[in-house]
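Single-letter residue listing:
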Amino acid sequence: MDNTDMIMLDEFCASHRVEISFIHSLEENGLIQTVVVNEALYITSNELPKLEQITRLHQDLNINPEGIDAITHLLNHIEEMKQEIVHLRNRLNFYEED
């Protein structure tokens, strides 16, 4: 992975007005993964949407990292349930066509 696929967290923090300590607490809680390159902290572009969503929850609703962890878990569970519903509907449609 080259540096073009990564975002420097100092820049992210400056543009989103969050402290780097917030990023560290997210990583400690297993909510995001960071990468160290040449002593600078980065996040992959794949993790960026998740970090932006978490940052909005923190800033707009004043939710702490532990609360964000619970919300993220629930959102992931809802997404899994949506996928299961689609799968079950597809199976049901298959049997109704016969």
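The preceding data block contains the structure.
These numbers come from a predicted model, not from an experiment.

Peer 1: Is there a simple way to explain the pairing of strand E3 (residues 40-44) in this structure?
Peer 2: Looking along a regular strand, one sees side chains alternate from face to face of the sheet. Here E3 lies mainly inside the structure; 5 of its 5 residues are buried. Of the two faces of E3, the one carrying Ala-40, Tyr-42 and Thr-44 and the one carrying Leu-41 and Ile-43 are both buried. Of the strand pairs in this sheet, strand E1 (residues 6-8) and E3 are connected by 3 bridges, and their pairing is antiparallel. Note on E3: the bridge partner recorded for Met-8 is Tyr-42. Judged from the 3 bridges that link them, strand E2 (residues 35-37) and E3 form a sheet pairing that is antiparallel. Residue Val-36 lies in a different strand from E3, and its bridge partner there is Leu-41. In this structure, the hairpin formed by E2 and E3 is closed by a connection of 2 residues, where Asn-38 is found at a positive phi of approximately 50°.

Peer 1: Would you mind showing me how to read the environment of Thr-34 here?
Peer 2: Here Thr-34 is to be found in the loop between helix H2 (20-28) and E2. Of the residues examined, Thr-34 reaches a relative accessible area of 16% and is grouped as buried. In sequence terms Thr-34 and Leu-92 are 58 residues apart; their C-alpha atoms lie 42 Å from each other. Every residue in contact with Thr-34, bar those within four places of it in the chain, is listed here: Leu-9, Ile-23, Glu-27, Leu-41 and Tyr-42. A polar atom in the side chain of Thr-34 sits 2.6 Å from the side chain of Glu-27.

Peer 1: Just to check I follow, could you spell out H2 for this structure?
Peer 2: A turn of α-helix holds 3.6 residues, and therefore any two residues three or four places apart point the same way. Looking only at H2, the buried set comprises Phe-22, Ile-23, Ser-25 and Leu-26. Down the axis of H2, the buried set is contained in an arc of 160°. They therefore lie on one face. Against helix H1 (9-16), helix H3 (48-61) and helix H4 (65-97) lie the buried residues of H2. Following H2 by one or two positions, Gly-30 has its phi on the positive side, about 75°.

Rules used in this analysis
Counting restarts for each chain, with residues numbered from 1 along the sequence as it is written. The predicted origin of the model limits local features to residues at a pLDDT of at least 70 and limits the giving and counting of side-chain atom pairs to 80 or more, whereas totals for whole chains, interfaces and linings rest on all residues. Each side-chain value is derived from all of the structure's non-hydrogen atoms; neither hydrogens nor water enter the calculation. To sort residues, take the accessible area from a 1.4 Å probe on protein chains only and compare it with the maximum for the residue type: under 20% means buried, over 50% means exposed, and anything in between is partly exposed. Numbering of helices and strands runs from the N terminus; a helix is a DSSP stretch of H or I covering at least four residues, while a strand is a stretch of E covering at least two. Whether two strands pair comes down to DSSP finding at least two bridges between them. The contact criterion used throughout is that any non-hydrogen atoms of two residues lie within 4.5 Å. Here a polar contact means two N or O atoms within 3.5 Å. Within protein one must be a hydrogen donor candidate and the other an acceptor candidate, and residues neighboring in sequence count only if both atoms are side-chain atoms. Taken from the helix axis, the directions to the C-beta atoms give the arc we talk about.

The quantities given are spatial measurements derived from coordinates; they are silent on function.
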